[in-house]
Amino acid sequence: MSISIKLRAVALGLATVFAVGTTQAADITGAGATFVYPILSKWSDTYNKETGNKINYQSIGSGGGIAQIKAGTVDFGSSDKPLPPEELEAAGLAQFPSVIGGVVPVVNIEGVTPGQLKLTGPLIADIFLGKVTKWNDPAIAAINEGLTLPSKTITIVHRSDGSGTTFNWVNYLSKVSPEWREKVGEGTSVQWPYGLGGKGNEGVAAYVKQVKNSIGYVELAYAVQNNMSYAAVKNAAGKFIIPSDETFQAAAAHADWKNAQDFHLIITNAPGEDSWPIAATNFILMYKQPKDATRSRHALDFFKWALENGQQQASELHFVPLPKDLVEQIEAYWAAQIKL
Amino acid sequence: MSVNTGTTAGEPLMRPMSAETRRAHRDAFSDRIFRRTVAAAGLFVLLVLGGAAFSMLWGGRDAFLTFGPEFLWSTEWDAVNHRFGALVPIYGTIVTALIAMIIAVPVSFGIAVYLTEVAPTWLRTPVGAAIELLAGIPSIIYGMWGLFVFVPFMGEYISPWLNDNIGEWPILGPLFRGPPLGMGMLTAGIVLAVMVIPFISSVMREVFLTVPTRLKESAYALGSTTTEVVWDVVLPYTRSAVIGGIFLGLGRALGETMAVTFVLGNAHRLSASLLEPGNSIAATIANEFTEADSDIYLSSLIALGFLLFVVTFIVLAIAKLMLSRLNRQEFAK
């Protein structure tokens, strides 16, 4: 089996090289995060109908996307984890956000409906660290008056594959819990102290649905589609927030983009009364001085179109449109940074 | 070659030598071509195997050099701090394959014996066809069946029962103590067993059919029961082929990826209990390959792939060794 995976990776690489080598100018290739694959393929389909230009996006994962753009085999890369300005500088890359999404905690407790259970960041960290082990723990009961929770052991479900969802989730836990930051840290995959690993959002959703008294985390779309009980989480302003497209967008709007060089900002634990604390951004990576300026211009045209006209489609797929002034800031950044 | 010279020498009345020799030369030539072609086919397997193993070793050299032999027995798997060890996946791979074989070998043997010796003739073809169809089901289907059908069943009935009844036993107890999650190494082993049973049983059935009828009929004529015929005539006659079939199943169980990923729980922790989640080499690679974002991470995953080669090789070698022991004992009798 391991051989076939290796072969697949090689084939993928070859396919990319081949695609770049033989396509015409208006045929753009990108590779990276799986998180944005649904919206990018929807966009490229509509964009193709409107302009005739094709966008080929391969959802090989953020790590792969970063590697491919650095190797120069694609016109744009995509990552759920922003690269620091120094790394961008060294590789000659520009970086900007594409869409906003959000990660939500989901639980399977008998009688608990969506939004009913309240949690705080430090409490989630304690659960995932194995310090809070029962649902009727006093720490949980204290913020959930009127809700009877069972005296059952909490089963933790996390992602088994590396992912941007995990990255934003543990990034949030690291921000709110010093103990989490020290013991586990943050990354697209971490060494989980406890729990079961499900493959992909759908894997985590399936495990949480099947194991009673469990808690996991998925993107909102999966929680909604699977009718799962998501929890309200206390944000930086001290309010309990229900996850929704509006609260995700509030997080994006309140985040301090103005002072983020190369948009290097992770919008978890964002300020603002109505901000969802675990909102996530996807980032696009492109060359500042591309070898083939025509291709990069086509790619930028596509993203300009997507940011200005594609946002309705994003909402349909539970992605959140970028706030207006952020779009303006991105377009100013393009003009200043990308030399075509 | 030898056949040709044999016939010419044996002919008392010879036709002109030149035609004979030409014919012999032609035969020798085509024989040589044939021999080289099949030799190339045989060597091709070795070349592919060697090439794959070597490229894995080469890709994993970073991990082997950085962590040294500790890579083999470290239980750490920490992508944040770049510390990796292979013990948990190796353990999970071997244990799940072992559980699968413990279940699959007797069941497959039963199926094969039933189909060749006991079942009414009209039933043999449809059941035989059903087994071959089972062998053709993609592993992802087994995985989904495992996750959506079998895992809830395990979590609801089997795991709690094992925990309550066997969990307290002195030696076996720790193996069956744990939370009723429904997924874990035992579940993975059982799903693997279901997957390899068609392979093993169809091989066994084929080879049982090759036992000459007169051997079995003589045994029956001497007053043997069906049990005695199976144990004393059929099994000894086909033993090496039966073991070959078991190897085939074992190889598949060791390398199976998708189905195991679905039901194993994918947790990098070593635990004595079979009811706890674990990890296997193939599942780890499948899960983490796409987002392996540092060189040492990627290298560790490829090194795991190399270790899967090594583990498979060692397991098969041990099985071969046991087989040759068995043969020697048989001769000694």
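Residues numbered from 1 in each chain as written. Chains lettered and ligands numbered in written order. Predicted model: local features only at pLDDT ≥ 70, side-chain atom pairs only at ≥ 80, totals over all residues. Heavy atoms only, no water.

A. Highlighting the overall build of chain B. What chain B contains, in helices and strands, is 13 helices and two strands. For chain B, the C-alpha radius of gyration of 26 Å lies well beyond 20 Å, the compact-globule estimate for 333 residues. Each principal axis of the C-alpha atoms in chain B carries an extent, and together these give about 85 × 60 × 40 Å. Each of the 333 residues in chain B was classed as buried or not, and the buried ones make up 44%. (Helix = DSSP H or I, 4+ residues; strand = E, 2+ residues; numbered from the N terminus. Rg over C-alpha atoms; globule rule 2.2 N^0.38 Å. Buried < 20%, exposed > 50% of the residue type's maximum accessible area, 1.4 Å probe, protein only.)

B. Region of interest: unusual backbone geometry. Positive phi is not limited to glycine here, since A:Asn269 has a value of about 55 degrees. Classification of A:Asn269 as partly exposed rests on a relative accessible area of 24%. Its identity is not glycine, yet B:His82 carries a phi of approximately 55 degrees, on the positive side. By the element assignment, B:His82 lies in the loop between β1 (77-78) and β2 (83-84).

C. Molecular detail of the packing of helix α5 (residues 87-118) of chain B against helix α8 (residues 185-209) of chain B. Residues and elements named next belong to chain B. Relative to each other, α5 and α8 sit at 40 degrees, their axes nearing to 6 Å. The interaxial crossing formed by α5 with α8 has right-handed handedness. Residue composition of the contact of α5 with α8, by class: 27 nonpolar, six polar and one charged. (Axes fitted to C-alpha atoms, helices over the stretch in contact; angles between N-to-C directions. Left-handed = near helix turned anticlockwise from the far one by under 90°. Nonpolar A, V, L, I, M, F, W, Y, C, P; charged D, E, K, R; others polar.)

D. Region of the structure containing the interface of chain B and chain A. Contacts between the two partners involve 39 residues from chain B, matched on the other side by 38 residues from chain A. Taken together, the two surfaces of chain B and chain A that pack against each other cover about 2,900 Å², and 55% of this comes from carbon and sulfur. Of all residues in chain B, the largest losses of buried area upon contact with chain A belong to B:Val80, B:Arg269 and B:Glu291, amounting jointly to 21% of the total for that side. Where chain B packs against chain A, one counts one salt bridge. Between A:Lys212 and B:Glu156 there is a salt bridge; the shortest N-O distance is 3.9 Å. Where chain B touches chain A, the interface holds seven residue pairs in polar contact (both at pLDDT 80 or more). Listing elements by their share of the side of chain B that touches chain A, those giving two or more residues are α2 (17-59), β1, α7 (139-165), α11 (258-263), α12 (281-288) and α13 (295-332) of chain B. (Contact = heavy atoms within 4.5 Å. Buried area = accessible area lost by both parts, 1.4 Å probe. Salt bridge = Lys/Arg side-chain N within 4 Å of Asp/Glu carboxyl O. Polar contact = N/O pair within 3.5 Å; in protein donor to acceptor, adjacent residues only side chain to side chain.)

E. Structural view of the pairing of strand β8 (residues 214-219) of chain A. Residue and element names in this part refer to chain A. Most of β8 sits inside the fold, with six of its six residues counted as buried. Judged by which residues are buried, β8 turns out to be covered on both faces: Ser 214, Gly 216 and Val 218 on one side and Ile 215, Tyr 217 and Glu 219 on the other are all buried. In terms of strand pairing, strand β4 (residues 93-108) meets β8 through six bridges, oriented antiparallel. Bridging from a neighbouring strand, Asn 108 pairs with Ser 214 of β8. Inspection of the sheet shows strand β6 (residues 155-159) paired to β8 by two bridges, in the parallel sense. Among the inter-strand pairings, Ile 156 is bridged to a residue of β8, identified as Ile 215. (Pairing = 2+ DSSP bridges.)

F. How the structure looks around the environment of B:Phe306. All names here are of chain B. Tracing the sequence through the fold places Phe 306 in helix α13. Placed 247 residues apart in sequence, Phe 306 and Gly 59 show a C-alpha to C-alpha distance of 9.0 Å. Beyond its immediate stretch of four places on either side in the chain, Phe 306 contacts Ala 53, Met 56, Leu 57 and Phe 64.

G. Region of the structure containing the pattern of salt bridges. Within this structure, the stated rule accounts for 19 salt bridges over all chains. For A:Glu308, the salt bridge is made with A:Lys304, and the minimal N-O distance between the two is 3.3 Å. On the criterion of helical spacing, the pair formed by A:Glu308 and A:Lys304 is a turn pair, its members being four residues apart in helix α12 (residues 293-309). Taking relative accessible area as the criterion, A:Glu308 reaches 42% and is therefore assigned partly exposed. With a closest N to O distance of 3.8 Å, B:Arg35 and B:Asp31 form a salt bridge. Here B:Asp31 and B:Arg35 lie together in helix α2, a separation of four residues that amounts to about one turn. Each of A:Asp126, A:Lys131, A:Glu179 and A:Lys183 takes part in one network of salt bridges that share partners.

H. Looking closely at a nonpolar patch on the surface. A cluster of nonpolar side chains, B:Ile140, B:Ile141, B:Met144, B:Trp145, B:Phe148 and B:Val149, forms an exposed patch at the surface whose accessible area comes to about 530 Å². Locating B:Met144 in the fold gives a position in helix α7. (Patch = residues over 30% accessible without salt bridge, like charges linked within 9 Å, V, L, I, M, F, W, Y side chains within 5 Å. Areas by Shrake-Rupley, 256 points an atom, 1.4 Å probe, with all protein chains shown as cover.)

I. How the structure looks around the side chain of A:Gln95. Turning to its location among the elements, A:Gln95 is positioned in strand β4. Polar side-chain contacts of A:Gln95 include one of 2.8 Å to the backbone nitrogen of A:Leu83.

J. Molecular detail of the confidence of the model for chain B. All names here are of chain B. Scored by pLDDT, chain B comes out at a mean of 85, with 93% of its residues at no less than 70. By mean pLDDT, helix α1 (residues 2-10) is the weakest element of chain B at 47, and α5 is the strongest at 92. In this model residues 1-10 is a low-confidence stretch, pLDDT under 50, and it forms six contacts with partners more than four residues away in sequence or in other chains. Prediction confidence for the complex, expressed as pTM and ipTM, is 0.80 and 0.75 respectively. (pLDDT = per-residue confidence, 0-100.)

K. Just the nonpolar core, in detail. One finds A:Leu117, A:Phe128, A:Trp169 and B:Phe208 to be the most contacted residues of the largest nonpolar core, which totals 168 residues. Considering every element that reaches this core, the biggest residue donor is α8(B), with 13 residues. With sequence-adjacent residues up to four places away left out, A:Leu117 is seen in contact with A:Val107, A:Ile109, A:Val112, A:Trp135, A:Ile140, A:Asn144, A:Leu147, A:Leu149, A:Ala231 and A:Ala232. Among the nonpolar cores identified, the runner-up in size contains 10 residues, and A:Ile60, A:Ile66, A:Leu88 and A:Leu285 belong to it. (Core = buried A, V, L, I, M, F, W, Y, C linked by side-chain atoms within 4.5 Å.)

L. The arrangement of the sheet that holds strand β5 (residues 118-119) of chain A in detail. Residues and elements named next belong to chain A. On the basis of which strands lie adjacent, the open sheet formed by three strands has the order β5-β10-β11 and mixed pairing. Edge positions in the sheet fall to β5 and β11 (240-241), since each has one partner strand and no second. Sheet analysis places β5 next to strand β10 (residues 232-234), joined by two bridges and oriented parallel. Among the inter-strand pairings, Lys 118 is bridged to a residue of β10, identified as Ala 232.

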